[in-house]
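Structural features, examined
What follows is the residue order along each chain.
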Amino acid sequence: MQRLAEYRVFWRQFREQYHTTGAVLPSGRALSRALAHYVRTADTAHVGRARRILEVGPGTGAVTSQIVRDMRADDHLTMVERNDQFVSHLRNEIDTAIDFQPARDRINLVHSGLEELPQEQHYDLIISGLPLNNFSVDLVDCLLGKMKQLLAPGGILSFFEYVAIRRAKAIVSPASDRQRLRGIEQILNNLLAGAEVRRDLVLTNVPPAWVHHVCPKRLSEAAS
Ligand SMILES: C[S@@+](CC[C@H](N)C(=O)[O-])C[C@H]1O[C@@H](n2cnc3c(N)ncnc32)[C@H](O)[C@@H]1O
């Protein structure tokens with residue numbers, strides 16, 4: 001019943017806010033688990049201390065439930081979501097859903113775009129659900145730049161994209177859009193080059209997805 005309500009909210013936002021919602025369905029269990037890999041797995045840099053975790057674009061909270069399940073007792077989760085309907089759905093979930101209760105005092109929901117999130121806080125883990133392939137090249141550059149700035153040294157950014165999505169979109173797109181998709185691919189390739197620490201293929205999601213985990217500040221530190 002709760003799942004059905006979640007799907008209904010998601011489907012309505014897919015129709016009304018396709019550009020920023022970017023998916024027909026919330027992420028499935030296997031994709032959520034892959035995205036939360038580093039919440040569950042102790043990374044040597046983060047052992048023995050509370051971690052700050054940021055989720056970007058939580059939507060109806062499908063991945064959030066997994067993150068909360070995997071969080072350690074003193075970890076803190078901030079979510080940033082721009083869509084009004086998702087924010088009110090999430091507020092209700094945080095107050096009432098059993099999944100959220102163990103961590104309720106350590107969860108903070110910010111109603112804004114990632115672009116406006118203050119920069120004073122740094123995060124050990126950032127998990128992004130942003131539909132980057134729907135955005136302009138400049139916006140993708142700005143959003144990824146912001147996430148890199150928000151990462152603490154040694155921090156890990158985890159994000160997903162649907163398998164072959166750019167190729168599929170390019171087939172049905174006009175030339176200007178193909179150029180936009182090539183620009184996004186270039187930015188993502190630059191981000192992944194040398195900084196990708198893990199990659200998971202989730203075939204059981206609808207649609208199947210790649211999950212990328214990158215540690216960009218490890219690279220810049222090694223270079224300096
Ligand atoms: C593909 S949905 C993912 C939802 C959820 N994480 C999941 O996997 O089921 C993308 C989410 O990103 C949010 N979003 C899009 N642009 C955003 C931005 N600039 N800042 C914060 N959230 C944004 C959308 O409102 C939506 O909730």
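Structure: see above.
Report follows, based on the coordinates. Every value quoted in this text rests on a predicted model; they were computed, and no experiment measured them. (Residues numbered from 1 in each chain as written. Predicted model: local features only at pLDDT ≥ 70, side-chain atom pairs only at ≥ 80, totals over all residues. Heavy atoms only, no water.)

Below, the discussion takes up the overall build of the chain. Counting its regular elements, the chain contains ten helices and seven strands. Expected size for 224 residues packed as a compact globule is a radius of gyration near 17 Å; at 17 Å, the chain falls within 12% of this value. The C-alpha extent of the chain, read off along each of the three principal axes, is 50 × 50 × 35 Å. Expressed as a percentage of its 224 residues, the buried residues of the chain come to 50%. The contacts of the chain with a sequence gap of at least 6 include a subset with a gap of at least 24, amounting to 74%. Accessible area for the chain stands at about 11,100 Å²; split by element, carbon and sulfur atoms hold 53% of it. (Helix = DSSP H or I, 4+ residues; strand = E, 2+ residues; numbered from the N terminus. Rg over C-alpha atoms; globule rule 2.2 N^0.38 Å. Buried < 20%, exposed > 50% of the residue type's maximum accessible area, 1.4 Å probe, protein only. Contact = heavy atoms within 4.5 Å. Areas by Shrake-Rupley, 256 points an atom, 1.4 Å probe, with all protein chains shown as cover.)

Attention shifts here to the site of the ligand. Neighbouring residues of the ligand: 23 residues in total, closest Thr21, Ser27, Gly57, Glu81 and Leu114. Contact distances for the ligand include 3.3 Å between an oxygen atom and a backbone N or O atom of Gly59. Contact between the ligand and Leu114: a nitrogen atom at 2.9 Å from a main-chain N or O atom of the residue. For the ligand, the accessible surface in isolation is 600 Å², of which the surrounding protein chains cover 98%. (Near = heavy atom within 4 Å. Polar contact = N/O pair within 3.5 Å; in protein donor to acceptor, adjacent residues only side chain to side chain.)

So, about unusual backbone geometry. Between Val206 and the following residue, Pro207, the backbone shows a cis peptide bond with an omega angle of -10°. For Pro207, the position within the fold is in the loop between strand S6 (196-202) and strand S7 (209-214). You will see that Ala164, though not glycine, has its phi angle at about 60°, which is positive. Along the chain, Ala164 falls in the loop between strand S5 (151-162) and helix H8 (165-172). According to the relative accessible area criterion, Ala164 is partly exposed, its value standing at 38%.

Let us now look at helix H6 (residues 84-96). End to end, H6 covers 19 Å across 13 residues, agreeing with the expected 18 Å (1.5 Å per residue, within 8%). Buried within H6 are the following residues: Phe86, Val87, His89, Leu90, Glu93 and Ile94. Buried residues in H6, looked at end-on, bunch into an arc of 165°, giving them a common side. Set apart from the buried face of H6 by more than 90 degrees, the exposed residues are Asp84 and Thr96. Here H6 starts with a cap whose side-chain oxygen sits 2.8 Å from the backbone nitrogen of Gln85, and that cap is Asn83. (Expected span 1.5 Å × (residues − 1). Arc of directions from axis to C-beta.)

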